[in-house]
Amino acid sequence: MHFKYCPDCGALLSSRVLGDEGAVPWCDGCSRPWFDMFPVAVIALVYNRRGEVLLLRQNYISTEFHNLVSGYVTPGEDAETCARREIMEETGQEVEQLELVLTNWFPKKEMMMIGFFARVSDRPLRLSSEVDAAAWHHPSEIASLLSPRPWSTSRILASRFLDRNRDC
């Protein structure tokens, strides 16, 4: 979101050069900058102790490709807590080990994605209403089931997971 008016006082913003940031929207009345804002979400490649990867079907996201667990970070929540929460909410799986893997700009939705690998305890799946279906897949299957777009965070996470686990 690019601000034109100050969210605090409603004044039309001017532009001010702030060091290395260059020209940014500035409120003369409040004496503060208003940097562009964008959504932040987590995405997790969930796998179990056997090395199988959990892929979701979420028709509201795609009817063509499978998805990884993802969700928006809420105010006051850190990315790790969000990843654990989303995995539990969407799949009923408890995270045993969480590893930050990447951050990736997702141009389609103009948002920042924070990607994780999450090993889970492999309990019975308990899917949320957001998830149409979910299943465990052998790592050799996942590349063909995810979006082929090179900027896809799911694709990048899967590639890194497969590179790490080449023996699968």
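These numbers were taken from a predicted model, which means no experiment stands behind them. (Residues numbered from 1 in each chain as written. Predicted model: local features only at pLDDT ≥ 70, side-chain atom pairs only at ≥ 80, totals over all residues. Heavy atoms only, no water.)

S.K.: Quick rundown of helix 1 (residues 79–91)? Include the residues and the values.
M.R.: With 13 residues, helix 1 ought to run about 18 Å at 1.5 Å a step, and its terminal C-alpha atoms sit 18 Å apart, in line with that. Among the residues of helix 1, those classed as buried are Ala79, Cys82, Ala83, Glu86, Ile87, Glu90 and Thr91. Buried residues of helix 1 fall within an arc of 130° about the axis and therefore sit on the same side. The secondary structure elements touched by the buried residues of helix 1 are strand 4 (40–47), strand 5 (53–57), strand 6 (69–72), strand 7 (95–106) and strand 8 (111–120). Capping the start of helix 1 is the job of one residue whose side-chain oxygen sits 3.1 Å from the backbone nitrogen of glutamate 80: aspartate 78. Looking one or two residues beyond helix 1, the residue adopting positive phi is glycine 92, at roughly 80°. (Helix = DSSP H or I, 4+ residues; strand = E, 2+ residues; numbered from the N terminus. Expected span 1.5 Å × (residues − 1). Buried < 20%, exposed > 50% of the residue type's maximum accessible area, 1.4 Å probe, protein only. Arc of directions from axis to C-beta. Contact = heavy atoms within 4.5 Å. Polar contact = N/O pair within 3.5 Å; in protein donor to acceptor, adjacent residues only side chain to side chain.)

S.K.: Break down the pattern of salt bridges for me, with residues and values.
M.R.: Applying the stated criterion to the full structure yields 10 salt bridges. Across the pair arginine 164 and glutamate 99 runs a salt bridge whose closest N-O atoms are separated by 2.6 Å. You can see arginine 164 sitting in helix 3 (residues 153–164) and its partner glutamate 99 sitting in strand 7, a full 65 residues away along the chain. Judged by its relative accessible area of 25%, glutamate 99 is partly exposed. When salt bridges with common partners are traced through the structure, they connect Glu77, Arg85, Glu86 and Glu89 into a single cluster. (Salt bridge = Lys/Arg side-chain N within 4 Å of Asp/Glu carboxyl O.)

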